[in-house]
Number of protein chains: 2
Amino acid sequence: MKRSIAKELTPHKAGQEVLLSGWVRKVRIVGGDLAFLILADGSGSAQIVLDGGLLDKIPPVESAITVSGVAQESRSREYPVELLADQLEVIAVADPLPFPLNHKVLEPGLDLLDRYRPLALRHPNMQTTFRLQHALIQHFEEFFTGEGFTRVTTPKILSTGTEGGAELFKVDYFGQTAYLAQSPQFFKQMLVGAGFERVFEVGQVFRAEEHRTSRHLNEFISLDIEMGFVSDVNELMTLEETFLNSLLEALAPRFGAKMVIKGAQKPMPRMALSDALAVLEKKHGKQSRDGNIDPEGERLISAWAEREYGVPAVFLHSYPTDIRPFYALAQDDDPGLTHSFDLIFRGQEITSGGLRIHNVAQLSQALAKRRLNPETYEFYLQVFRYGMPPHGGFAIGAERLTALLLGLNNIREASILPIF
Amino acid sequence: MKRSIAKELTPHKAGQEVLLSGWVRKVRIVGGDLAFLILADGSGSAQIVLDGGLLDKIPPVESAITVSGVAQESRSREYPVELLADQLEVIAVADPLPFPLNHKVLEPGLDLLDRYRPLALRHPNMQTTFRLQHALIQHFEEFFTGEGFTRVTTPKILSTGTEGGAELFKVDYFGQTAYLAQSPQFFKQMLVGAGFERVFEVGQVFRAEEHRTSRHLNEFISLDIEMGFVSDVNELMTLEETFLNSLLEALAPRFGAKMVIKGAQKPMPRMALSDALAVLEKKHGKQSRDGNIDPEGERLISAWAEREYGVPAVFLHSYPTDIRPFYALAQDDDPGLTHSFDLIFRGQEITSGGLRIHNVAQLSQALAKRRLNPETYEFYLQVFRYGMPPHGGFAIGAERLTALLLGLNNIREASILPIF
């Protein structure tokens, strides 16, 4: 008999022979000769009714089994159609579990969940997290493909540590020191100049930050875009806002109940960083020591935006030149500020973006000002000599956005295998 | 005026004011006071007609410009609608080019093309290659999403060199030696057991093969799938064949003329490796020294399949146990052979796949037989103790498939930035 999957057990199957395979999630014995078994598979779960000699065959929870029988309507609200089993085959018996998987939430601490990560992932909440992440990435790809962007894949082993020292992992590349990419920044700009004009990348990037926090990972998925012939940073913010709204709309039918998306589709306010710092000082007596906003400031300004504008997101723009990378484009009327922005979403920065310098002489000056060696950057500068258009882009951290959409406390909950 | 893109210059635009931005690909001066300029942008190219004082403003080829004027019908077959310019603004002037980009093919050797890679990518043939690669990867994702697979992203920095020694890049992980992933093999299996049941990954993998060949890269894009509750290797081959046929069908309308796909939609023959070796010996007097097929053998057997079956693809299966990894599932009736396969497509292997051992005792034995330390593999073995279903999968190299579809001679032509 051809295998069915749990989610196919709908009323029109009633009366038909059905075969299911999956994991024994839960068993409830009623009166000694009847059992209700919840079977989980990759599509969801189904209720199986067993009686007679089949009861003795039920293996420990989380064992893999195949059951067959006739589908019938049931009185259960959760499972309106159930399977009355006439055969049960045990495929693989599970050892006793280190923690229960059939409770509503996963109760052990993160350490135990890390130690048994693949097993913990079987919990429905974890399954939801990564199915949402799948849908999120797929929507990103479809949205930007629809906007004329080309998907690219840029090198992750770099011969030069052009992105700055301390946070780079070193690789032994046939006896020479190479580095793991922290971001596709230079490459995506080069590919705009290489004639693709609009590119996106879904790729892993690497940050050697030893002190793990609940907000950072050593490897994460960066959703990057970069586009040419753009000269107003508002175009980039509008594009990101349009993307995020279309994302929430696409996710809502499947995940709406799990996400807190209140107000997210209202216009997202845009304010200069200096104005945000002034609000923090005025409302919270909070002083910035370095002219930048810190994690506490991000939480406060986000809560402020939610109170003032009814949307849990705020674009901060016009960051000072000296706290942005050398390639950030300075504003004509105030060279101390850049055409750049961060998006704060539900209390955390999820995006950095902005316009970049496209004039090669200006870019060389910007390198010199930071005492960076132009020879090291020659691979990057080259295409700027062949008609580089004005351009800009941004990047979104996929795990962080996943965690914020679902209200997860720790970003590691949004990284499928964070500890290998 | 809002910018249009080249491909929007269709007959219904005739008579309208249009503004285009892009690169000056070609200039033809006619009679001294009229010029035809081909402008390339991310969407394609357009013909611009300039006269009078505008001729003096035309910058060197590959410079970035913006032109505006009125769209009009033309007598050109390639550009039925052209732009009669009344304004031209130079955005960024290009230096003299190291090689022409407006010839039908790129003439310089690979070394020069590598040295000026971003510039070379502007050539229409290169653009086609990576737009096809985009479409290929997107089709892979859509096809397997439609088949109930979940997109996953697995770690690329590994604490143990479980995949074997010589071909691994070493990473300095906070003072400890770690390794770059050669494949997501163990992780994708673990995620099948983690309840996702069917997973796919589009990810970069790393191979420290020092001697570059025209068939290998140090980093490449691996299109991986793995699925649970499968116990017949034919199911995997059928799934891959269905995917490839649907891919060719999806690519044909956009790229058909560039691809040689003759016969590719006929059934792909499946034969045991030993039978393939026998054919090679009988038809070509070719002996295998190690019981495996070599690159020349792949070319010959592929050509043979094309002659015999009219399709440029052949599945070879039943590889000997000792030339497959320890996790390959042995055949019940002949433990010297595995339930595994390679797909040879247009003369080269593009896929390795097969069923895996799912019984934890059998897997421990397989490790012991290869003298591998089970403690090193504990991260992998763990989930096998909790009801691991029978499973299998395969991987396709995206660059190699791109190169074979387009008939490129060197796989580096199918890697967008292969040399950084």
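The structure displayed is predicted, hence computed values, not measured ones.

A. Highlighting the overall build of chain A. Looking only at helices and strands, chain A has ten helices and 19 strands in total. Expressed along its principal axes, the backbone C-alpha trace of chain A runs to roughly 85 × 55 × 40 Å. Across the 420 residues that make up chain A, the buried fraction comes to 57%. With an accessible surface of roughly 17,500 Å², chain A has 49% of that area assigned to carbon and sulfur atoms. Positive and negative charge centroids in chain A, built from 43 and 52 side chains respectively, lie 3 Å apart.

B. Representation of the domain arrangement of chain A in the model. For chain A, the assigned domains are domain 1 (3–92) and domain 2 (124–414). Each of domain 1 of chain A and domain 2 of chain A has a C-alpha centre, and these two points are 47 Å apart.

C. Quick look at the relation of the copies chain A and chain B. With an RMSD of 0.0 Å, the fit of chain A onto chain B corresponds to turning through 180 degrees and sliding 0.0 Å along the axis. Given the turn and translation reported, the copies of this chain are related as if by a two-fold rotation axis. Distance from the rotation axis, computed per C-alpha, reaches its smallest value in chain A at A:Val171: 2.2 Å. Both copies share a contact surface, since 100% of the interface residues of chain A are interface residues in chain B too.

D. Structural detail: the sheet that holds strand β17 (residues 340–345) of chain A. Residue and element names in this part refer to chain A. Sheet architecture is open: eight strands sit in the order β7-β11-β12-β19-β18-β17-β14-β13, paired in mixed fashion. Both outer strands of the open sheet, β7 (150–151) and β13 (270–272), are each paired with one neighbouring strand and no more. Sheet topology places strand β11 (residues 198–206) next to strand β12 (residues 219–228); nine bridges connect them, and they run antiparallel. Note on β12: the bridge partner recorded for Arg198 is Met227. Strands β7, β11, β12, β18 (348–356) and β19 (391–397) of the sheet are contacted by helix α4 (residues 185–196), whose axis makes an angle of about 35 degrees with β12.

E. Molecular detail of the pattern of salt bridges. Under the definition given, this model contains 32 salt bridges over all chains. For A:Arg412, the salt bridge goes to A:Asp114, with nearest N and O atoms at 2.0 Å. Here A:Arg412, found in the segment after α10 (398–406), pairs with A:Asp114, found in helix α1 (residues 110–115); they are 298 residues apart in sequence, far enough to count as distant. Grouping residues by exposure puts A:Arg412 and A:Asp114 together as buried. Note that A:Asp294 and A:Lys286 form a salt bridge whose closest N and O atoms lie 2.9 Å from each other. Each of the salt bridges in this network shares a partner with another, and the network as a whole consists of A:Glu141, A:Arg151, B:Glu141 and B:Arg151.

F. Main features of the interface of chain A and chain B. Facing the 88 residues of chain A at the interface are 88 residues of chain B. Close ionic contact of B:Glu197 with A:Arg3 constitutes a salt bridge, the shortest N to O distance being 2.9 Å. At the junction of chain A and chain B, the tally comes to 38 residue pairs in polar contact (both at pLDDT 80 or more). Looking at which element gives the most residues to the side of chain A that touches chain B, the answer is helix α3 (residues 124–146) of chain A, with nine residues. Tallied by class, the residues present in the side of chain A that touches chain B amount to 47 nonpolar, 20 polar and 21 charged. As judged from the three bridges shared by strand β9 (residues 170–173) of chain A and strand β9 (residues 170–173) of chain B, these two strands associate in the antiparallel manner. If you follow A:Lys170 over to β9(B), its bridge partner there is B:Asp172.

G. Local environment of the pairing of strand β5 (residues 64–73) of chain A. Residue and element names in this part refer to chain A. Among the ten residues in β5, seven count as buried, and that is most of the element. Across seven bridges, the pairing between strand β2 (residues 17–30) and β5 is antiparallel. Bridged to Trp23 within β5 is Ala64. Where β5 lies against strand β6 (residues 81–92), ten bridges are found, and the strand directions are antiparallel. Looking across to β6, one finds that Val67 is bridged to Leu88.

H. Examining the packing of aromatic side chains more closely. Counted under the stated rule, the structure contains 55 aromatic pairs over all chains. Plain terms: the ring middles of A:Phe186 and A:Tyr327 are 5.9 Å apart, the flat faces sit at 85 degrees to each other, and that makes the pair edge-to-face. Of the two residues, A:Phe186 sits in helix α4 while A:Tyr327 sits in the loop between β14 (313–317) and β15 (330–331), which places them 141 residues apart along the sequence. Each member of the pair, A:Phe186 together with A:Tyr327, is buried. Between A:Phe326 and A:Tyr380 the ring centres are 6.2 Å apart and the planes differ by 85 degrees, which places this aromatic pair in the edge-to-face class. In this pair, A:Phe326 sits in the loop between β14 and β15 while A:Tyr380 sits in helix α9 (residues 378–381), placing the two residues 54 residues apart along the sequence. For the pair A:Phe326 and A:Tyr380, one class covers both residues: buried. Members of the aromatic cluster, connected to one another through ring pairs, are A:Phe140, A:Phe143, A:Phe144, A:Phe149, A:Phe200, A:Phe243, A:Phe315, A:Phe341 and A:Phe394. Positioned above the aromatic ring of A:Tyr319, the side-chain terminus of A:Arg324 is 4.3 Å from the ring centre. Its end group placed over the ring of B:Phe315, B:Arg270 keeps NZ or CZ at 5.6 Å from the ring centre.

I. Structural detail: helix α8 (residues 360–369) of chain A. All names here are of chain A. Among the residues making up α8, those that are buried are Leu363, Ala366 and Leu367. Seen along its axis, α8 keeps its buried residues to an arc of 100 degrees; they face one direction. Along α8, the residues that are exposed and aim more than 90 degrees away from the buried face are Gln365, Ala368 and Lys369. Residues of α8 that are buried in the fold lie against α9. Where α8 starts, the residue carrying a side-chain oxygen 3.0 Å from the main-chain nitrogen of Ala361 turns out to be Asn359. A positive backbone phi angle near 60 degrees is found at Arg371, which sits one or two residues after α8.

The rules behind these values
Residues numbered from 1 in each chain as written. Chains lettered and ligands numbered in written order. Predicted model: local features only at pLDDT ≥ 70, side-chain atom pairs only at ≥ 80, totals over all residues. Heavy atoms only, no water. Helix = DSSP H or I, 4+ residues; strand = E, 2+ residues; numbered from the N terminus. Buried < 20%, exposed > 50% of the residue type's maximum accessible area, 1.4 Å probe, protein only. Areas by Shrake-Rupley, 256 points an atom, 1.4 Å probe, with all protein chains shown as cover. Lys, Arg positive; Asp, Glu negative; His and termini not counted. Charge placed at Lys NZ, Arg CZ, Asp CG, Glu CD. Domains from an automatic or database assignment. Least-squares fit on C-alpha atoms with pLDDT ≥ 70 in both. Contact = heavy atoms within 4.5 Å. Pairing = 2+ DSSP bridges. Axes fitted to C-alpha atoms, helices over the stretch in contact; angles between N-to-C directions. Salt bridge = Lys/Arg side-chain N within 4 Å of Asp/Glu carboxyl O. Polar contact = N/O pair within 3.5 Å; in protein donor to acceptor, adjacent residues only side chain to side chain. Nonpolar A, V, L, I, M, F, W, Y, C, P; charged D, E, K, R; others polar. Phe/Tyr/Trp six-rings, centres within 6.5 Å; stacked < 30°, edge-to-face > 60°. Lys NZ or Arg CZ within 6 Å of the ring centre and 35° of its normal. Arc of directions from axis to C-beta.

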